[in-house]
Amino acid sequence: MQAARQLIGDAGYEATSVPQIVDAAGVAQGTFYRYFKSKAELSKAFADIFNEQLMSKFDEAFRSQIPMSEMMPAIIEQLLKLFQEYHDIMPFLEEHSMPFGTSEYAADLREKHFARMATIITRDQQNGLIRNDIPPELLARLGGGVMTNLARMVALEENDQEPAELFMSGRAFVMAALAPQEK
């Protein structure tokens, strides 16, 4: 996987072949196919590792029981670190990564994440910290959608702003949208 990551990071997913990967890894082609049925399955394996690390960061934040408004900066900081760590292969992770993947697998991960966010939003609504005129599930999807699009923009370098600045702008937008409504 290290050899594949290096090659894919340098040349891109499409330009990297299984023979190149096994040559760089110093193993036989059969060894590759012992672990992966295809190069696409290798892609999912990388996404699995990325998603596990990402979800562990979210788990830490969710277990903390702090309000969403205090949780978001920590989550954003962890996202930035993870995106920097995987910067070389982010476009390669596009299909299966939880934040912005297009596969059914990624969509399922997002659904679980949105459900967890809705639980926190419900708690914060009950405590008067978040507006309560919109269902928590919808707020989770709206806020998560903004952050998902920002993650995609950063990962695929579809912006001119620094990642930290972009995420903090997104956080400000989401927090303004979640703020309790004045009567």
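Before reading further, recall that the structure is shown in the block above.
Residues numbered from 1 in each chain as written. Predicted model: local features only at pLDDT ≥ 70, side-chain atom pairs only at ≥ 80, totals over all residues. Heavy atoms only, no water.

Next up on the list: the packing of helix α1 (residues 2-11) against helix α2 (residues 18-25). Here α1 crosses α2 at 125°, and the two axes come no closer than 8 Å. Relative to α2, the element α1 is oriented oblique. The element α1 and its partner α2 pack so that their crossing is right-handed. The residues of α2 that touch α1, namely those facing Ala3, Ala4 and Leu7, are Gln20, Ile21, Ala24 and Ala25. Among the residues making up the contact of α1 with α2, the classes are represented as six nonpolar, one polar and no charged. (Axes fitted to C-alpha atoms, helices over the stretch in contact; angles between N-to-C directions. Helix = DSSP H or I, 4+ residues; strand = E, 2+ residues; numbered from the N terminus. Parallel < 35°, antiparallel > 145°, perpendicular 65-115°, else oblique. Left-handed = near helix turned anticlockwise from the far one by under 90°. Contact = heavy atoms within 4.5 Å. Nonpolar A, V, L, I, M, F, W, Y, C, P; charged D, E, K, R; others polar.)

This part is about helix α7 (residues 104-126). For α7, which comprises 23 residues, the first-to-last C-alpha distance of 33 Å matches the rise-based estimate of 33 Å (1.5 Å per residue) to within 8%. Within α7 the residues assigned to the buried category are Ala106, Leu109, Arg110, His113, Phe114, Met117, Ala118, Ile120, Ile121, Arg123, Asp124 and Gln125. Close packing links the buried residues of α7 with α4 (39-63), α5 (68-85) and α8 (136-155). Positive backbone phi, approximately 75°, marks Gly128, located one or two places after α7. (Expected span 1.5 Å × (residues − 1). Buried < 20%, exposed > 50% of the residue type's maximum accessible area, 1.4 Å probe, protein only.)

Turning to the nonpolar core, a few remarks are in order. Core analysis: the biggest nonpolar cluster contains 54 residues, and Leu42, Phe50, Phe58, Phe83, Met90, Leu93 and Phe167 have the highest contact counts within it. Taken together, the elements giving at least two residues each to this core come down to α1, α2, α4, α5, α6 (90-93), α7, α8 and α9 (163-178). Top contributing element to this core by residue count: α4, with ten residues. Beyond its immediate stretch of four places on either side in the chain, Phe50 contacts Leu82, Phe83, Tyr86, Met90, Leu93, Ser97 and Pro99. (Core = buried A, V, L, I, M, F, W, Y, C linked by side-chain atoms within 4.5 Å.)

Note that Ser103 resides in the loop between α6 and α7. Classification of Ser103 by relative accessible area gives buried; the value is 9%. Those residues in contact with Ser103 that sit more than four places away from it in its chain are Glu95 and His96.

Once that is clear, we can look at the pattern of salt bridges. Taken as a whole and assessed by the stated rule, the structure comprises six salt bridges. With its nearest N and O atoms 3.3 Å apart, the salt bridge here joins Asp48 to Lys44. Pair noted here: Asp48 and Lys44 are both in helix α4, with a separation of four residues, about one helical turn. The exposure class of Lys44 is partly exposed, given its relative accessible area of 27%. For the salt bridge of Arg141 with Glu111, the shortest nitrogen-to-oxygen distance reads 2.4 Å. Taken together, the residues Arg141 in helix α8 and Glu111 in helix α7 connect sequence positions 30 residues apart. Accessibility expressed as a relative area gives 39% for Arg141, which makes it partly exposed. (Salt bridge = Lys/Arg side-chain N within 4 Å of Asp/Glu carboxyl O.)

For the rest of this paragraph, the subject is the packing of aromatic side chains. Taken as a whole, this structure holds four aromatic pairs when the rule is applied. Centroid distance Phe58 to Phe62: 6.1 Å. Interplanar angle 15°. Geometry classified as stacked. Pair noted here: Phe58 and Phe62 are both in helix α4, with a separation of four residues, about one helical turn. The ring of Tyr86 has Arg5 sitting right over it, with the charged end atom 4.7 Å from the ring centre. Over the ring of Tyr13 we find Lys39, and its NZ or CZ is 4.3 Å from the ring centre. (Phe/Tyr/Trp six-rings, centres within 6.5 Å; stacked < 30°, edge-to-face > 60°. Lys NZ or Arg CZ within 6 Å of the ring centre and 35° of its normal.)

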